[in-house]
Amino acid sequence: MLATLSLPRHSIKAYTKLGLHVYDPLIVNLVAPRVWGCDPEVLVEHYRRHVTFNHADIGVGTGFFLDRCGFESPNPRLALIDLQPNCLAHTARRLSRYRPSTYLRDVLDPMTGLPGGPFDSVALGGIIHCLAGDLPFKSRVFDNIRPLTRPGTKIFGYTLVYDGVPLRISRRLVHPLLNRLRVIDNTNDRSSDLHAALSARFIDCNVELIGCMALFSAVVPTAASTRQ
Ligand SMILES: C[S@@+](CC[C@H](N)C(=O)[O-])C[C@H]1O[C@@H](n2cnc3c(N)ncnc32)[C@H](O)[C@@H]1O
């Protein structure tokens, strides 16, 4: 674990204190609707549909969506998980009303050592496109989150895929630039591969493409439903 954490990671380098300061106005409120073609309200709705009050959030960024989605209980159990300490500190401060727990973890390693038992929902919002490699390689994250889950746990999130990139000139400019800067790595990501990765592990799998954002959800099966 320590060896992994000491490696420099392109996937977290954008989230400096300054980066987090401009993230909501620039990325969430401008680039997402104008370039990705996905309004932030759509992602807030995605959270509302799937989040529970026993929730683990991996790749928290600024906590924009967690701040807006609302929970069924005023006292949810909320675990914030990220490899970037700036993101954990920023989001924990923003969501202090929920008294979240924070965990410095790499999603490319198994998510062991979190106290308190499994969660009823686990979100991977906007993190898969940050990870290096193709989707079959990145899909190991779905195996790594297994210690956080039990049968019935909802898995959900969203990730930028390349399927819709050729459709808009702004995307044809911005995606290659962000890939070259290695802030994202999604040139080989396709929504069909995402669906295949989810279906190989979970039940009730859904992938919906909105602009070039693939919104996904799935449920951890019981042993019996895996055998069917
Ligand atoms: C694009 S932001 C997404 C933020 C937020 N979930 C959203 O939807 O706006 C990606 C987040 O993933 C985190 N991250 C990137 N690579 C990671 C890794 N290997 N393990 C854990 N977190 C990682 C970054 O630090 C950042 O908080």
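This text follows the structure it describes.
Calculation rules
- Residues numbered from 1 in each chain as written.
- Predicted model: local features only at pLDDT ≥ 70, side-chain atom pairs only at ≥ 80, totals over all residues.
- Heavy atoms only, no water.
- Axes fitted to C-alpha atoms, helices over the stretch in contact; angles between N-to-C directions.
- Helix = DSSP H or I, 4+ residues; strand = E, 2+ residues; numbered from the N terminus.
- Parallel < 35°, antiparallel > 145°, perpendicular 65-115°, else oblique.
- Contact = heavy atoms within 4.5 Å.
- Phe/Tyr/Trp six-rings, centres within 6.5 Å; stacked < 30°, edge-to-face > 60°.
- Buried < 20%, exposed > 50% of the residue type's maximum accessible area, 1.4 Å probe, protein only.
- Lys NZ or Arg CZ within 6 Å of the ring centre and 35° of its normal.
- Pairing = 2+ DSSP bridges.
- Right-handed = clockwise from strand over helix to strand, strands pointing away.

S.K.: Which residues make up the packing of helix 2 (residues 17-36) against helix 8 (residues 169-180), and what are the values?
M.R.: Relative to each other, helix 2 and helix 8 sit at 125°, their axes nearing to 9 Å. The orientation of helix 2 with respect to helix 8, classified from their angle, is oblique. From helix 2, Arg34, Val35 and Trp36 reach across to helix 8, where they touch Ser170, Arg171, Val174, His175 and Leu178.

S.K.: Provide a residue-level description of the packing of aromatic side chains, including the pertinent values.
M.R.: Under the defined criterion, the tally for this structure stands at nine aromatic pairs. Ring geometry for Tyr47 against Phe156: centres 5.1 Å apart, planes inclined by 85°, an arrangement best described as edge-to-face. Separated by 109 residues along the polypeptide, Tyr47 in helix 3 (residues 40-50) and Phe156 in strand 5 (residues 154-160) bring together distant segments of the chain. Each ring, one from Phe71 and one from Tyr98, has its centre 5.0 Å from the other, and the planes form 80°; the classification is edge-to-face. Taken together, the residues span a long stretch of sequence, with Phe71 in the loop between helix 4 (64-69) and strand 2 (77-82) and Tyr98 in the loop between helix 5 (85-94) and strand 3 (101-104) at a distance of 27 residues. This pair shows no difference in class: Phe71 is buried, exactly as Tyr98 is. Put simply, the rings of Tyr47, Phe64, Phe65, Phe156 and Tyr158 pair up and form one aromatic cluster. When the ring centre of Phe64 is taken as origin, the NZ or CZ atom of Arg68, which lies over that ring, is 3.9 Å away.

S.K.: Describe the sheet that holds strand 6 (residues 203-210), naming the residues involved and giving the relevant values.
M.R.: One open sheet accounts for seven strands, arranged 3-2-1-4-5-7-6; its pairing is mixed. Edge positions in the sheet fall to strand 3 and strand 6, since each of these pairs with one other strand and no more. Here the strands of the sheet are splayed against their neighbours by 15° on average, with no regard to which way each runs. As paired strands, strand 1 (residues 54-58) and strand 4 (residues 121-125) are joined by four bridges and run parallel to one another. Its bridge partner lying in strand 4, His55 is registered against Ser121. In this fold helix 5 packs onto strand 2 and strand 3, with an angle of close to 155° to the strand it touches most, strand 2.

S.K.: Can you tell me about the pairing of strand 2, naming the residues and giving the values?
M.R.: Where burial is concerned, most of strand 2 is hidden: five out of the six residues are buried. The β-α-β motif built from strand 2, the intervening helix 5 and the parallel element strand 3 has right-handed crossover chirality.

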